[in-house]
Amino acid sequence: MSEMPKLLFIGPGMPSVRARVAETFDVVELPADGRDAFLAEQAEGIVAVATFHGLSSDVMAALPDLKVISSFGVGYDAIDANEAARRGILVGHTPDVLNDEVADTTIMLWLAASKRLVQADAWARSGTWEREGNYPLTKSVRGRTVGILGLGRIGQTIASMAQMFDARVIYHSRTKKDVPFTYYGNLVDMARDADVLIVITPGGAATQHLVNADVLNALGPEGILVNIARGSVVDEAALISALEDGRLGGAGLDVFEHEPHIPDALKAMDNVVLAPHIGSATVETRDAMGALVCENLEQWAASGSIKACVPECQHLNG
Ligand code: NAP
Ligand code: 8YV
């Protein structure tokens, strides 16, 4: 029998992470089918989980010996961290190593939506340039007021980058931060003053539909929404309706309410840029995130604590 602690791997994930955790743990993989039978047979003795797809409450409940969860990604809205903390389970995630990458993707979406890059590309490829002449002018991204919803690790990185475009940065979050940007306690007021609204809060119940019809109306017919946070933070039906009516100018979207489904209405709009949740999706950044998933587990195996713990469990992280 293996002396290694037993770990449940929830993939499909990165082969390099699967191989590295197997150096420290006795790994079993959650199958796509026959999960209940697998858990009935294997759950006992599983002390660790490495997951690329959250951890459903029923699987967590089926693991009586669980002590640590290491999740790929900084957002952990697909894990009930309060329930984990109640049971004394540590939850690790991958903050900071992706800040620059996600900020780069955010700025790309803002610029692409504002400069109509996708439509300009189609104009160039389709021969419309030769037939009809120059592409219509767009509005400059210089000197705009950029409103950031959620000025955390990634939000602050986006704020620094936005300043390279001479932006005036304003922000809304639950608490005022010690930063040189104007704080708005009210999201609608901030949206009214912003040319671009960048959404970068966590997902989950507390931020569900924070960006609603009132916020979109306040952003207005010239305004651009960039959602790089979670689909759940924006009311997608209200977004579609605002874009269809011309109450909102445009959008750059990396995340959607029912991924990987994207509503046909959004796909049909030429004032929207769509990306399939690629905020952190480069080889280098995904490698760094994968390494942190392993480091959290290796540190736990050696000392009982983890390197990057979510706030809900921090008091357990000795
Ligand atoms: P973070 O450092 O925890 O920052 C989150 C910010 O959101 C904080 O400033 C927080 O400030 C604010 N916030 C939280 N709840 C709020 C609420 N109800 N209303 C208003 N503001 C609220 O997190 P991060 O590392 O920057 O990551 C943020 C999120 O980005 C992740 O959780 C994830 O969902 C998303 N993300 C997406 C991708 C992608 O690929 N698209 C990649 C990475 C991350 P207060 O506590 O003061 O409110
Ligand atoms: C990942 C993310 O794409 O870190 C996050 O919260 O949304 C992204 O970096 C995602 O976690 C992959 O499952």
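This is a predicted model, so every value here is computed, not measured.

**Quick word on the site of ligand 2**
All residues adjacent to ligand 2 are Phe52, Phe72, Gly73, Val74, Gly75, Leu98, Arg230, His277, Ser280, Arg286 and Met289. Ser280 is positioned such that a nitrogen or oxygen atom in its side chain is 2.7 Å from an oxygen atom of ligand 2. Here ligand 2 has 330 Å² of accessible area as a free molecule, and 81% of this is covered by the chains.

**Here's the deal with the packing of aromatic side chains**
Within this structure, the stated rule accounts for six aromatic pairs. Between Phe25 and Trp300, the aromatic rings sit 6.5 Å apart at their centres with planes inclined by 15°, giving stacked as the arrangement. Remark: Trp300 occurs in helix H13 (residues 283–303) and Phe25 occurs in the loop between helix H1 (15–21) and strand E2 (26–29); sequence separation between them is 275 residues. The buried category is assigned to Trp300, whose relative accessible area is 16%. Plain terms: the ring middles of Trp123 and Tyr135 are 5.2 Å apart, the flat faces sit at 80° to each other, and that makes the pair edge-to-face. With Trp123 in helix H6 (residues 117–125) and Tyr135 in the loop between helix H7 (128–132) and strand E6 (145–149), the pair connects residues that are twelve residues apart, well separated along the chain. Grouped by ring-pair contacts, the aromatic residues Phe9, Phe52 and Phe72 constitute a single cluster. Above the plane of the ring of Phe9 lies Arg18, whose end atom (NZ or CZ) is 5.9 Å from the centre.

**Remarks on unusual backbone geometry**
A cis geometry characterises the amide bond from Gly11 onward to Pro12, with omega recorded as 0°. Residue position: Pro12 is located in the loop between strand E1 (6–10) and H1. For the bond running from Glu259 to Pro260, omega is 5°, close enough to zero to count as cis. With respect to the helices and strands, the residue Pro260 is situated in the loop between strand E11 (250–253) and helix H12 (264–267).

**Quick look at the side chain of Thr105**
Mapped onto the fold, Thr105 is located in helix H5 (residues 99–114). On the basis of relative accessible area, Thr105 is assigned to the buried category, the value being 7%. Apart from the residues within four sequence positions on either side, Thr105 is in contact with Ile228, Ile278 and Gly279.

**Description of the sheet that holds E6**
As summarised here, the arrangement of the seven strands in space is E8-E7-E6-E9-E10-E11-E12, forming an open sheet in which the pairing is parallel. Strands with a single pairing partner mark the edges of an open sheet, and in this sheet they are strand E8 (182–183) and strand E12 (272–274). Inspection of the sheet shows strand E7 (residues 168–172) paired to E8 by two bridges, in the parallel sense. Directly across from Tyr171, in E8, lies its bridge partner Tyr183. Sitting on the sheet, H5 is in contact with E6, strand E9 (196–199), strand E10 (224–227), E11 and E12, with an inclination near 150° to E10.

Criteria and cut-off values
Residues numbered from 1 in each chain as written. Chains lettered and ligands numbered in written order. Predicted model: local features only at pLDDT ≥ 70, side-chain atom pairs only at ≥ 80, totals over all residues. Heavy atoms only, no water. Near = heavy atom within 4 Å. Polar contact = N/O pair within 3.5 Å; in protein donor to acceptor, adjacent residues only side chain to side chain. Areas by Shrake-Rupley, 256 points an atom, 1.4 Å probe, with all protein chains shown as cover. Phe/Tyr/Trp six-rings, centres within 6.5 Å; stacked < 30°, edge-to-face > 60°. Helix = DSSP H or I, 4+ residues; strand = E, 2+ residues; numbered from the N terminus. Buried < 20%, exposed > 50% of the residue type's maximum accessible area, 1.4 Å probe, protein only. Lys NZ or Arg CZ within 6 Å of the ring centre and 35° of its normal. Contact = heavy atoms within 4.5 Å. Pairing = 2+ DSSP bridges. Axes fitted to C-alpha atoms, helices over the stretch in contact; angles between N-to-C directions.

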